[in-house]
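# Chains, contacts and geometry: an overview
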Amino acid sequence: IIIRWLRDFPTWLGIRDLLHNRLTFLYFFAWSFYQSAIPAVSEALSTGKKQLVQYYISRYLQLGTLFSVTVFSLLMATGAFYVRGALGGQWTLAEGFLVVASLSGLLLPWAWLTDALQQGAGRTGTTMFIMLVEQALRLGLLFLFVQRFQFLGIYLAALSALVLKCLLAWTINHRTIVRLH
């Protein structure tokens, strides 16, 4: 999809690599934090303590969102300076996409915690189903958006798929694992 419809794709993929591997990778430092929810949720659910699971979810979301907002703020404050000052003029196109590239990080606490909750509840099949839906939607949206919006379409497809994943996963988790307040 990208090779076929993204004009000058090697340049744009270099810019995406810069945005992802040098800037927005900061969000991924929190991944192990969300993974630590799996044993906590598993133990609480195995002993029937659903209120404890609700408490864990609220705290993980609170701290995870705080981390993501902090990283987002850091990227907005220093990202353009880093691109301009440290990398050189050939990377200035990346500045215009810094905000949209960083937005997905604000959704990661919501997305990753759904996975941890499902895995802690022993619902790995649910996790797989939701990931398949998310990735199928992402591919379909890449097909539509890259033709129309070019490089921006990559981020629009990813953000749209991530939003749908969060909505679908939290709805399923609310109905099948633990009621969320």
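In the block above lies the structure referred to throughout.
Predicted, not measured: the structure shown is a model, and the values here were computed from it.

## Notes on a nonpolar patch on the surface
- On the surface, a nonpolar cluster with roughly 370 Å² of combined accessible area is contributed by Ile1, Leu139, Phe143 and Leu144.
- When you line up the elements, Phe143 lands in helix H7 (residues 124-149).

## Looking at the packing of helix H4 (residues 37-46) against helix H6 (residues 98-120)
- For the pair H4 and H6, interaxial distance at closest approach is 8 Å and the crossing angle is 45°. The angle between the axes of H4 and H6 places the two elements in the oblique class. Relative to H6, the crossing made by H4 is right-handed. The residues of H6 that touch H4, namely those facing Ala37, Ile38, Val41, Ser42 and Leu45, are Leu113, Ala116, Leu117, Gln119 and Gly120.
- Classifying every residue of the contact of H4 with H6 gives seven nonpolar, three polar and no charged.

## Looking at the layout of surface pockets
- Looking at the largest pocket, its volume works out to about 570 Å³.
- In this structure, the largest pocket is lined by 27 residues; those nearest its centre are Phe28, Ser104, Leu108, Arg138 and Leu162.
- Of all the elements in the fold, those that place two or more residues in the lining of the largest pocket are helix H2 (9-23), helix H3 (31-35), H6, H7 and helix H8 (151-176).
- Per-element tally for the lining of the largest pocket: the top contributor is H6, with eight residues.

## Quick look at the nonpolar core
- The biggest cluster of nonpolar side chains holds 46 residues, and the ones touching the most others in it are Leu19, Val53, Ile57, Leu113, Leu117, Phe151 and Trp170.
- Contributions of two or more residues to this core are made by H2, H4, helix H5 (50-87), H6, H7 and H8.

## Quick word on the packing of aromatic side chains
- Going through the model one piece at a time under the given rule, you end up with 12 aromatic pairs.
- Geometrically, the ring pair formed by Trp5 and Phe143 is edge-to-face, given 4.9 Å between the ring centres and 80° between the ring planes. You can see Trp5 sitting in helix H1 (residues 2-5) and its partner Phe143 sitting in helix H7, a full 138 residues away along the chain.
- Among the residues examined, Trp5 registers a relative accessible area of 22% and is labelled partly exposed.
- Aromatic pair Phe33 and Tyr60: ring centres 4.7 Å apart, planes at 35°, arrangement tilted. Of this pair, Phe33 sits in helix H3 while Tyr60 sits in helix H5, and the two are 27 residues apart along the sequence.
- We classify Phe33 as partly exposed; its relative accessible area is 29%.
- In this structure Tyr60 comes out as buried when scored by relative accessible area, which is 12%.

Conventions and cut-offs
- Residues numbered from 1 in each chain as written.
- Predicted model: local features only at pLDDT ≥ 70, side-chain atom pairs only at ≥ 80, totals over all residues.
- Heavy atoms only, no water.
- Patch = residues over 30% accessible without salt bridge, like charges linked within 9 Å, V, L, I, M, F, W, Y side chains within 5 Å.
- Areas by Shrake-Rupley, 256 points an atom, 1.4 Å probe, with all protein chains shown as cover.
- Salt bridge = Lys/Arg side-chain N within 4 Å of Asp/Glu carboxyl O.
- Helix = DSSP H or I, 4+ residues; strand = E, 2+ residues; numbered from the N terminus.
- Axes fitted to C-alpha atoms, helices over the stretch in contact; angles between N-to-C directions.
- Parallel < 35°, antiparallel > 145°, perpendicular 65-115°, else oblique.
- Left-handed = near helix turned anticlockwise from the far one by under 90°.
- Contact = heavy atoms within 4.5 Å.
- Nonpolar A, V, L, I, M, F, W, Y, C, P; charged D, E, K, R; others polar.
- 1 Å grid on protein atoms, 1.4 Å probe; cavity = no way out; pocket = protein on both sides within 12 Å on 5 of 7 lines; lining within 4 Å.
- Points joined across faces, edges and corners; volume = space filled by probe spheres on them.
- Core = buried A, V, L, I, M, F, W, Y, C linked by side-chain atoms within 4.5 Å.
- Buried < 20%, exposed > 50% of the residue type's maximum accessible area, 1.4 Å probe, protein only.
- Phe/Tyr/Trp six-rings, centres within 6.5 Å; stacked < 30°, edge-to-face > 60°.

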